[in-house]
Amino acid sequence: MPPDWDVEADVVVVGFGAAGACAALEAAAAGGTVLVLDRFGGGGATALSGGVVYAGGGTPQQRAAGVTDTPEAMFGYLRTEVGDAVPAATLREFCDGSVAMLAWLEGHGVPFEGSLCPDKTSYPTNRHYLYYSGSELSAVGAAPPAPRGHRTRGRGTSGGLLYARLAAAVRGTGARVLTQTAARQLVAEPGGRVTGVECRSLRDAPGWVRLTHRILHQWSVKPYLYVPKAGRVLHRPAGWLERRYARPLRVGAARGVVLAAGGFAANRPMMRSHAPTARGGLPLATPGDDGSGIRLGTEAGGATACLDRVSVWRFLSPPPALLGGVLTDRAGRRICDESRYGAALGDAIIARGGQAWLLVDHATRAGARHQVRGSTLWFQRLQAWYLLSLGAVRAPTVAGVAARAGVDPDSLAATLAAYNSAARDPAVPDPAGKPAAARRPQDQPPYYLIDCSVRPRLFYPAPVLTLGGLVVAPESGQVLWPDGSPVGGLYAAGRTAAGLCSRSYVSGLSLADCVFSGRRAGRHAAENTQQGPSATLLTT
Ligand SMILES: Cc1cc2nc3c(=O)[nH]c(=O)nc-3n(C[C@H](O)[C@H](O)[C@H](O)COP(=O)(O)OP(=O)(O)OC[C@H]3O[C@@H](n4cnc5c(N)ncnc54)[C@H](O)[C@@H]3O)c2cc1C
């Protein structure tokens, strides 16, 4: 190690969200000294999240709910979602180790509960903590379905609790956490092996600067999530404080650097270049999701994958009755099985140009209105209100409602007739493959067409999550060059890396991947005992 490091550790983790925390925990458990850096106070998107972790194969919570599940069934279903995003052996390892992974989280203080939600929903209320968080019920041909969305037990969106427990566990290991410190460049030897990180830190800034920076960030993350323009304005002074008061800090990493700095949904040029079709969506991100983790990796030679894969969420439930409706495009053609997971609906809508309408009849709408109170949390109430009022047009006939929404009436009538005949007779296959239990004839006037198109809207936004990142070795999480060889001393995890959810997201799979990939990277980095000669600064 060159003598001019300001601070050093065996393993340096960049980013203190779920992936970074899990990497730090494993690195510490493997006996390494650990330093965690975060540009803000830590937490990232993890602390804002729903805290849903995708797990199965017979977890204690599933058993408590009377659910039968096996690693094979979990693997069978996830193969349909994960595809080739990771090798089959990695997915198998994830499924086989899922029960142990949840127990590991519980061992670090993250609580779960086997209270099964009776409805298909985007997020269960505070009465339920286990639910069908993907499209398992629509994929019964692939595998026996089971609810695998394990929501951290805590009121409201419980990602804050999940993060708080992991962060406390990290601090309990003796790992050092350096907040308000942004990684700007990796330091590497001439051969490419990464030995440290060049940072800009506010650690020696006046107290009022640190306090103001912390408050500005904390106050702007929620507005950033719901009204990004307002969030950006509120956050701007935090960036100014960093530019004005942050000082260079050289951090040495004897065994490895783990990049766990989140995704790039807050980086508008990157979004425009990799995911132009998601333009109408709402970035599901914090200002920290600026793609800097991915940039650090690519500057060190790392390859990327799936950057064009973004998850666009279009939930119809709650209220669950709406899942009985018929989703069509402007041409009146059916889009997909409406009972699938919201990200699958979003994908299908984007593939049809981003415009979609849900046709429901009087009975379905009345049933949905009845369900709103018991099936929603506050943020879902706004959406349900939109779907049942502002977002809908109404007419006594199918032709009339089609004319009001600007949907092709003849095609819509034909689509509805085909759907209704399958809904009335379970022996008739649904044209979009919707399971019999989710079909409801839509034949009682008046009719409603609800605008479900992907475009900016306050009450019915389409959240967007980036899924791709740095390519990593499946056995170690080490960042790979484009030729497949590893970048020495460099690892990536969570949304900075391509992983289990990089092809297709279902609720819980991102956090589960953060735990899986974070632990893997932390463990392997701590076990990497190569030592290197003096360091040279990488140029950008
Ligand atoms: C509202 C919402 C709900 C969600 N619900 C769920 C859910 O229930 N289940 C699920 O699986 N997924 C959910 N997601 C997605 C999931 O939360 C994220 O994909 C996941 O938390 C990403 O974790 P991470 O560790 O990769 O990054 P993050 O948790 O974002 O952490 C990255 C950290 O890196 C820091 N950082 C960034 N750049 C730098 C830098 N250059 N130097 C130092 N530090 C840096 C950031 O400040 C941040 O603290 C949700 C997301 C949101 C926003």
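Overview of the structure. Just so you know, these numbers come straight off a predicted model, no measurement behind them. (Residues numbered from 1 in each chain as written. Predicted model: local features only at pLDDT ≥ 70, side-chain atom pairs only at ≥ 80, totals over all residues. Heavy atoms only, no water.)

Quick notes on the pattern of salt bridges
For side chains of opposite charge, pairing can occur when their charged atoms come near one another.
Here's step 1: For the structure on display, the rule yields 23 salt bridges.
Here's step 2: Here arginine 148 ties to aspartate 69 by a salt bridge, and the two come within 2.8 Å at their closest N and O atoms. In this pair, arginine 148 is assigned in the loop between β4 (130-131) and β5 (149-151) and aspartate 69 in the loop between α3 (60-64) and α4 (71-82), connecting sequence segments 79 residues apart. The same class applies to arginine 148 as to aspartate 69, namely buried.
Here's step 3: The salt bridge involving glutamate 72 is made with arginine 92; its shortest N-O contact spans 3.9 Å. In this pair, glutamate 72 sits in helix α4 while arginine 92 sits in helix α5 (residues 88-96), placing the two residues 20 residues apart along the sequence.
Here's step 4: A residue is classified by how much of its surface remains accessible, and glutamate 72, at 48% relative accessible area, is partly exposed.
Here's step 5: Owing to a relative accessible area of 30%, arginine 92 belongs among the partly exposed residues under this scheme. (Salt bridge = Lys/Arg side-chain N within 4 Å of Asp/Glu carboxyl O. Helix = DSSP H or I, 4+ residues; strand = E, 2+ residues; numbered from the N terminus. Buried < 20%, exposed > 50% of the residue type's maximum accessible area, 1.4 Å probe, protein only.)

A short note on the side chain of glutamate 81
Here's step 1: Here glutamate 81 is to be found in helix α4.
Here's step 2: Within the buried core, glutamate 81 has no salt-bridge partner, and the shortest N-O distance to an opposite charge, that of arginine 340, equals 4.3 Å.
Here's step 3: Within the structure, glutamate 81 has its side chain in polar contact with the side chain of tyrosine 77 (distance 2.6 Å).
Here's step 4: Engagement of the side chain of glutamate 81 in a polar contact is seen with the side chain of serine 504, the distance being 2.6 Å. (Lys, Arg positive; Asp, Glu negative; His and termini not counted. Polar contact = N/O pair within 3.5 Å; in protein donor to acceptor, adjacent residues only side chain to side chain.)

Some details on the packing of aromatic side chains
When we look at a pair of aromatic rings, we describe it by the centre distance and by the angle of the planes.
Here's step 1: Per the stated rule, a full pass over the model turns up 13 aromatic pairs.
Here's step 2: On the basis of an interplanar angle of 80° and a centroid distance of 5.5 Å, the ring pair of phenylalanine 94 and phenylalanine 516 is categorised as edge-to-face. Taken together, the residues span a long stretch of sequence, with phenylalanine 94 in helix α5 and phenylalanine 516 in helix α17 (residues 509-527) at a distance of 422 residues.
Here's step 3: Summarising the aromatic geometry, the rings of tryptophan 385 and phenylalanine 459 are spaced 5.2 Å apart at their centres and angled 85° between planes, so their arrangement reads as edge-to-face. Of this pair, tryptophan 385 sits in helix α14 (residues 378-388) while phenylalanine 459 is found in the loop between β16 (447-451) and β17 (463-466), placing the two residues 74 residues apart along the sequence.
Here's step 4: Every member of this aromatic cluster is reached through a ring pair, and the members are Tyr123, Tyr226, Trp378 and Phe379.
Here's step 5: The lysine or arginine in question, arginine 519, covers the ring of tryptophan 104, its NZ or CZ lying 4.1 Å from the ring centre. (Phe/Tyr/Trp six-rings, centres within 6.5 Å; stacked < 30°, edge-to-face > 60°. Lys NZ or Arg CZ within 6 Å of the ring centre and 35° of its normal.)

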